[in-house]
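Take a look at the letters that make up each chain.
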Amino acid sequence: MAYSNKVIDHYSNPRNVGVLDKSDPNVGTGMVGAPECGDVMKLQIKVENDVIVDAKFKTFGCGSAIASSSLATEWIKGRTVDDAMKIRNTEIVQELSLPPVKIHCSVLAEDAIKSAIADYKRKHGQAATTQQQEQQTQQQARS
Amino acid sequence: MTPERDYFQVFGLARGYAVDLAELDARYERLSFDVHPDFFAAATPAEKQRAERLAAELNAGYRTLRDEPERAAYLLGLLAAGRALDTRQLPAGFLQQMFALQEQVDELEAAPEPAAKAELGRAVAARLDAVRAERVALFARALAGATPELLQALQSNVNCEKYLLRLQARLA
Ligand code: FES
């Protein structure tokens, strides 16, 4: 099966391969897999003021999965979290001209974005709870 | 041809995860012989069509039942009988483990260490064995009474194998 030029470009020169500090509260880590083929993908985002300022990925998968995740990191950088959430795998399919058998590879990238955002939000939610708890404890201490 | 018969019925085998492969081969050969196009050279178009349909069914059924992962997925589909399962579910932490193992393979490819590679290969093979042993037990229970929990556990089991096979392919 022939890969499109854009896939080959991303595959041979993937953008944003790497890791971000998992323990950084501003970093969300997404880990997803495709049971269709057993490929796995990790995608991380770094968020400041609700904007994704950095994104890194590592994909163990086919050329289309690598290209999809590379493209995904390019697309989400500079977007707000809510905006990044709106990215659909069909846009990736279109941009990379993926054939039907490779659609699940683009789904993997969409899922990875969502999984990273969910992790970021979870951390954020937890941070908020801790703050609340602290406030409560302070209030209790004062009363 | 009755479209509602399943592949086990096609080959006259008991529905179950364990399949006697020699028996399957023998039945496939015999049944294929009966629908061989050579015997239908002078047949009516309707008869020819029927033989072709049967041959296609036999081939698809044979491929499915011959291969363990395919057979497992197929049998699970029969048992689920249209009930929706979470097709992506995995045990907690499993993906992280697979990712870590994939990274190890990367490292071994960058700096080959045959002994370490062989050891990793054995570890993956052992996990595959465990997954398959669990599957046999789960199917035995599900065939006696398919609860949603058992079906979902089987789906998760089938998924695990895909990731392990992917790793194994890289280590081969
Ligand atoms: S073939 Fe599985 S991600 Fe592309």
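No experiment lies behind these values; they were computed from the predicted model shown.

Cut-offs and rules
- Residues numbered from 1 in each chain as written.
- Chains lettered and ligands numbered in written order.
- Predicted model: local features only at pLDDT ≥ 70, side-chain atom pairs only at ≥ 80, totals over all residues.
- Heavy atoms only, no water.
- Contact = heavy atoms within 4.5 Å.
- Buried area = accessible area lost by both parts, 1.4 Å probe.
- Salt bridge = Lys/Arg side-chain N within 4 Å of Asp/Glu carboxyl O.
- Polar contact = N/O pair within 3.5 Å; in protein donor to acceptor, adjacent residues only side chain to side chain.
- Nonpolar A, V, L, I, M, F, W, Y, C, P; charged D, E, K, R; others polar.
- Helix = DSSP H or I, 4+ residues; strand = E, 2+ residues; numbered from the N terminus.
- Expected span 1.5 Å × (residues − 1).
- Buried < 20%, exposed > 50% of the residue type's maximum accessible area, 1.4 Å probe, protein only.

1. Looking at the interface of chain A and chain B
And then number 1: With 17 residues of chain A in contact, the opposing surface of chain B contributes 14 residues.
And then number 2: Across the chain A/chain B interface, buried area totals approximately 1,400 Å², and carbon plus sulfur atoms make up 61% of it.
And then number 3: Taken together, the links from chain A to chain B amount to 3 salt bridges.
And then number 4: The shortest N-O distance in the salt bridge between A:Glu36 and B:Arg88 comes to 3.6 Å.
And then number 5: Where chain A meets chain B, there are 6 residue pairs in polar contact (both at pLDDT 80 or more).
And then number 6: Residues of the side of chain A that touches chain B, tallied by class, amount to 9 nonpolar, 3 polar and 5 charged.

2. Comments concerning helix α6 (residues 114–144) of chain B
Residues and elements named next belong to chain B.
And then number 1: Counted at 1.5 Å a residue, the expected span for α6 with its 31 residues is 45 Å, and the 45 Å between its end C-alpha atoms agrees.
And then number 2: By the burial criterion, the buried members of α6 are Leu 120, Val 124, Leu 128, Val 131, Arg 135, Leu 138, Phe 139 and Ala 142.
And then number 3: The inward-facing, buried residues of α6 contact α4 (68–80), α5 (94–110) and α7 (148–171).

3. Structural notes on the pattern of salt bridges
And then number 1: Enumeration according to the criterion identifies 20 salt bridges over all chains in this entry.
And then number 2: A salt bridge links A:Lys46 to A:Asp24; the shortest N-O distance between them is 3.0 Å. Taken together, the positions of A:Lys46 in strand β2 (residues 39–48) and A:Asp24 in the loop between α1 (5–12) and β1 (27–34) put the pair 22 residues apart, joining distant regions of the chain.
And then number 3: For A:Asp24, a relative accessible area of 16% puts it in the buried group.
And then number 4: Between B:Arg15 and B:Asp6 there is a salt bridge, with its nearest N and O atoms 2.9 Å apart.

4. Details of the environment of B:Thr64
Residues and elements named next belong to chain B.
And then number 1: Positionally, Thr 64 belongs in helix α3 (residues 45–66).
And then number 2: Distance from Thr 64 to Gly 93, taken between C-alpha atoms, is 30 Å for residues 29 residues apart in sequence.
And then number 3: When sequence neighbours within four positions are dropped, the list of residues in contact with Thr 64 reads Tyr 7, Glu 70, Arg 71 and Tyr 74.

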